[in-house]
Amino acid sequence: MAKVIITILIILVLILVVLYFVGRKLQKKQAEQEAQIEAAKQTVTMLIIDKKKLKLKDAGLPAAVLEQTPKYMRRAKFPIVKAKIGPQIMSLICDASIFDIVPVKKEVKATISGIYITDVKGIRGKLNTAPAKKKGKFRSWVDRMQEKAGAKPLK
């Protein structure tokens, strides 16, 4: 029985070590990509026509983008923004963190890097912030119980 437990512990430690090194490698790769995005970014005025979450093959992106995308990512849905930049209408990939605040049918100043939108600022007035997420049933129940007990709700 003790040999089985020791064997399982050794296997778990090996898995954790492998995950640690793989994580460090991926973290370095992401840092390099962020540096490339920062180096190539530029601010552009654009009119947002439409925004949707689409698969890459349905998004109308250039064929080179489809070829460079890993096979496991081709079926995933990406936040795609169709925008008019100058006289040209383009499909761009938007950062998932700002996709909710991108306004439709409004002119914005956007920071882009290639076909990737990294930041959006309104030209005329403020952009609407993303709506707050609804609380789950359990969270609202806990808040009600805390109010009844006279405790302050947790943030």
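Owing to the predicted nature of the structure, the values given are computational and were not obtained by experimental measurement.

Enquirer: Looking at this structure, how should I read a nonpolar patch on the surface?
Expert: Together, M1, V4, I5, I8, L9, I11, L12, I15, L16 and L19 line one region of the surface with nonpolar side chains, adding up to about 1000 Å² of accessible area. Locating L9 in the fold gives a position in helix 1 (residues 2-40).

Enquirer: Even after reading the chapter, I still don't get the sheet that holds strand 2 (residues 77-85), so can you show me in this structure?
Expert: Strand pairing in a sheet is mediated by backbone hydrogen bonds. Such pairs are either parallel or antiparallel. One closed barrel holds the five strands; their spatial order is 1-2-3-5-4, and the pairing between them is mixed. This sheet shows a mean twist of 50 degrees between the axes of neighbouring strands, independent of strand direction. Note that strand 3 (residues 88-94) and strand 5 (residues 116-122) share two bridges and pair parallel. Bridged to C94 within strand 5 is I117. Its contacts with the sheet put helix 1 on strand 1 (42-55), strand 4 (107-113) and strand 5, and the angle it makes with strand 4 is roughly 130 degrees.

Enquirer: How do you make sense of the environment of T43 when you look at a structure like this?
Expert: By the secondary structure assignment, T43 is in strand 1. Note on T43: relative accessible area 56%, which makes it exposed. Here the alpha-carbon distance between T43 and I112, two residues 69 residues apart in the chain, equals 6.3 Å. Those residues in contact with T43 that lie beyond four places of it in its chain are K109, A110 and T111.

Enquirer: Sorry if this is basic, but what is going on with the pattern of salt bridges here?
Expert: Should the charged atoms of two oppositely charged side chains come close, the side chains can pair. As enumerated under the stated definition, the model contains five salt bridges in all. For K52, the salt bridge goes to D50, with nearest N and O atoms at 3.7 Å. Within the structure, one salt-bridge network assembled from shared partners comprises K135, R139 and D143.

Enquirer: Sorry, what's going on with unusual backbone geometry here?
Expert: For residues other than glycine, phi is negative in most cases, and the peptide bonds are mostly trans. Phi at K105 takes a positive value of approximately 60 degrees, unusual for a residue other than glycine. Residue placement: K105 occurs in the loop between strand 3 and strand 4.

Enquirer: Would you mind going over the pairing of strand 1 with me for this structure?
Expert: Two faces belong to every sheet, and in a regular strand the side chains alternate between them. Inspection of the sheet shows strand 1 paired to strand 4 by six bridges, in the antiparallel sense. The partner of T43 across the bridge, within strand 4, is T111. Bridge analysis of strand 1 against strand 2 gives eight bridges, and the strand direction is antiparallel. In the sheet register, D50 faces strand 2, and the bridge partner there is K82.

Enquirer: Honestly, helix 3 (residues 137-149) in this entry has me stumped. Any pointers?
Expert: In an α-helix, one turn spans 3.6 residues; hence positions three or four apart end up facing the same way. Look at helix 3: 18 Å from first C-alpha to last across 13 residues, which is about the 18 Å you get at 1.5 Å a residue. All of the buried residues along helix 3 are V142, D143 and Q146. Looking down the long axis of helix 3, one finds its buried residues gathered within 100 degrees of arc, a one-sided arrangement. In helix 3, those exposed residues whose orientation departs by more than 90 degrees from the buried face are K137, E147 and K148. Immediately downstream of helix 3, the backbone of G150 shows phi near 90 degrees, a positive value.

About the cut-offs
- Residues numbered from 1 in each chain as written.
- Predicted model: local features only at pLDDT ≥ 70, side-chain atom pairs only at ≥ 80, totals over all residues.
- Heavy atoms only, no water.
- Patch = residues over 30% accessible without salt bridge, like charges linked within 9 Å, V, L, I, M, F, W, Y side chains within 5 Å.
- Areas by Shrake-Rupley, 256 points an atom, 1.4 Å probe, with all protein chains shown as cover.
- Salt bridge = Lys/Arg side-chain N within 4 Å of Asp/Glu carboxyl O.
- Helix = DSSP H or I, 4+ residues; strand = E, 2+ residues; numbered from the N terminus.
- Pairing = 2+ DSSP bridges.
- Axes fitted to C-alpha atoms, helices over the stretch in contact; angles between N-to-C directions.
- Contact = heavy atoms within 4.5 Å.
- Buried < 20%, exposed > 50% of the residue type's maximum accessible area, 1.4 Å probe, protein only.
- Expected span 1.5 Å × (residues − 1).
- Arc of directions from axis to C-beta.

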